[in-house]
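Observations on the model geometry
Now for the letters of each chain:
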Amino acid sequence: MSGTKSGGHADDPFQEGGGSLLRQPKAVWATAGASVVAFMGIGLVDPILPSIARGLHASNSQVSLLFTSYFLITAFAMLVTGFVSSRIGGRRTLLAGLALVVVFAALSGMSGSVGELVGFRAGWGLGNALFVSTSLAVIVGAAAGGSAAAILLYESALGLGMACGPLLGAILGDMKWRYPFFGTAVLMAIGFVAITAFLKEQPRPARKTSLLDPIRALGHGGLASAAVAAFFYNYAFFTVLAFTPFVLDMSPYSSGGVFFAWGVLLAVFSVLVAPRLQHRFGSLKVLGGSLLLLAADLLVLGYGDHTTAVVCTVLSGAFIGLNNTVFTELALGVSDAPRPVASAGYNFVRWFAAAAAPFLAPRIEEWTDLHVPFVVAAAAAVAGAGIVAVRRRALTIEAVEMEPRHAAQDGVSAFAN
C-alpha cells in the first residue's frame, strides 16, 4: 500500500470488473444519498455558529461544544457500532442511526438554551456514528462493479456532503438558525423511507464483534501508529472546521460559500487527486508532505489578513482531502484485524481530537490571542507528520504484507474518512 504505488484504488474504478460507477442498484443509491445527508450534518452548523451564539446568548467557546459533544459521543460509539451491526444486521443498524438523527436534529432545532443544543447534538452524533460506520460496508456489499467502485461512490458521497453541509446551513440559517436542523431532520427522514423501501437485509458476519475487539486491534503497532498520527491530524482539521468561522466572522451566506469551496476541494483531492499522487509518489510521502503543507497553511491563516484567511481556509480543503484518503487506507490495510474492527479502533482514537479541538481552540484564544490556536493546530499537523516518518517501517512493510489478506474482505467501515 505504501510503496511506490497505492493499492487502495483501481486504475479505473468507474469501470471495474465491467461494472459502472453510475449503474448501481436502488439500494446503493438510497444508502449513498442518505450518506450525503449524514456527512452534511458535520459541517452544517459551520456558517451559523455566530448566529447560534447570538440567538442563544452564548459565548464562542460554549457554541463550539456543538462539535465537542457530537464527536465525543462518536468516538465512544465506535466501540459499539460493530457490536450492534454484527447482531442486528446492517439494515437495522442504518435505520436505527437514521431514526436517532431525525429525532435529535429536530430536537436541536427546538433548543431553548445552548446546553440543550449541545446535549441534542450528542444524541445526533450517536445516530450518525451508527449510520455512517455501517453505510460503507452496506454499499460495498450491495454495489455493482466491485469494491473500488463502491468505495469511490462512498468517498464521493462524503465529499458532496462535506461541501453541501455548509451551503445548506447558510441558505436555511440565513432565515433562522433553527431551520438547518429541521431541514436535516426532513432529509434524513426521506433517507429512512428510501432505505426501508429499497435495501434488503445484508448477510451478517460469521463472527460477532465484541466491545473490546477494536481496543485489542490497537495492540498492532502499525494501526496504533496510524491512529495516533491521525489524532494529531484531526486536531488540525477540526480547528479549521470549528474555530475558523469565528475568525472569519462573516454572514451565513459568505461563510457558507467559503466552506462550500473548501468542501469542493476536499472532495476533488480526496476522490480524484489522492489516488494519482499515491500511485506516483507512494502513500507515506503524500501523507507526510500533505501534513506539512497543512501546517504551513494554518500558520499563514492565523497570521494573515482577512482575505488571506479566507484563501487559506479554502486551500486547507485540498490538504485535508489528501490526508483523509491516505489515512483511511492505512487504517484499513496496515493490520491483520478485520477491516470493521481496525476501522473502529482507529476512529475511536482519532475522533477524540475532533472533540478536543473545538473545545480547546476558543479557550486558547481567550487565554492568549487569535493567532495561537492556529500555531497549536500547525504543531499538531507537524507532530502527525513526525509520527508517520518515525514509524514509516511499520506503516510501510506491514501494510504491504497484510494487503493480500484484506483484498478478500468486504466488511469495510471508515466513518467520515
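Moving on, we come to the packing of aromatic side chains. This model, assessed by the stated rule, comprises 17 aromatic pairs. When the ring of Phe237 is compared with that of Trp262, the centres are 6.2 Å apart and the planes differ by 45°; the resulting orientation is tilted. On the criterion of sequence distance, the pair formed by Phe237 in helix α10 (residues 221-248) and Trp262 in helix α11 (residues 252-281) is long-range, its members being 25 residues apart. Grouping residues by exposure puts Phe237 and Trp262 together as buried. An aromatic cluster of three or more residues is present, and its members are Tyr70, Phe71, Trp124, Trp177, Phe181, Tyr233, Phe237, Phe238, Phe259, Trp262, Phe327 and Trp351. It is Arg121 that lies over the ring of Phe67; its NZ or CZ is 6.0 Å from the centre. Sitting over the ring of Trp351, Arg350 keeps its end group 4.4 Å from the ring centre.

Looking at the protein chain, the pLDDT average stands at 83 and 87% of residues meet or exceed 70. Predicted confidence in the protein chain is weakest over helix α16 (residues 392-407), with a mean pLDDT of 54, and strongest over helix α15 (residues 372-390), with 97. Segment residues 1-19 is flagged for pLDDT under 50; beyond a separation of four residues in sequence, or across chains, it makes 51 contacts in the model. Across residues 397-417, confidence stays below pLDDT 50; counting only partners more than four residues off in sequence or on other chains, it has 75 contacts.

Cut-offs and rules
Residues numbered from 1 in each chain as written. Predicted model: local features only at pLDDT ≥ 70, side-chain atom pairs only at ≥ 80, totals over all residues. Heavy atoms only, no water. Phe/Tyr/Trp six-rings, centres within 6.5 Å; stacked < 30°, edge-to-face > 60°. Helix = DSSP H or I, 4+ residues; strand = E, 2+ residues; numbered from the N terminus. Buried < 20%, exposed > 50% of the residue type's maximum accessible area, 1.4 Å probe, protein only. Lys NZ or Arg CZ within 6 Å of the ring centre and 35° of its normal. pLDDT = per-residue confidence, 0-100. Contact = heavy atoms within 4.5 Å.

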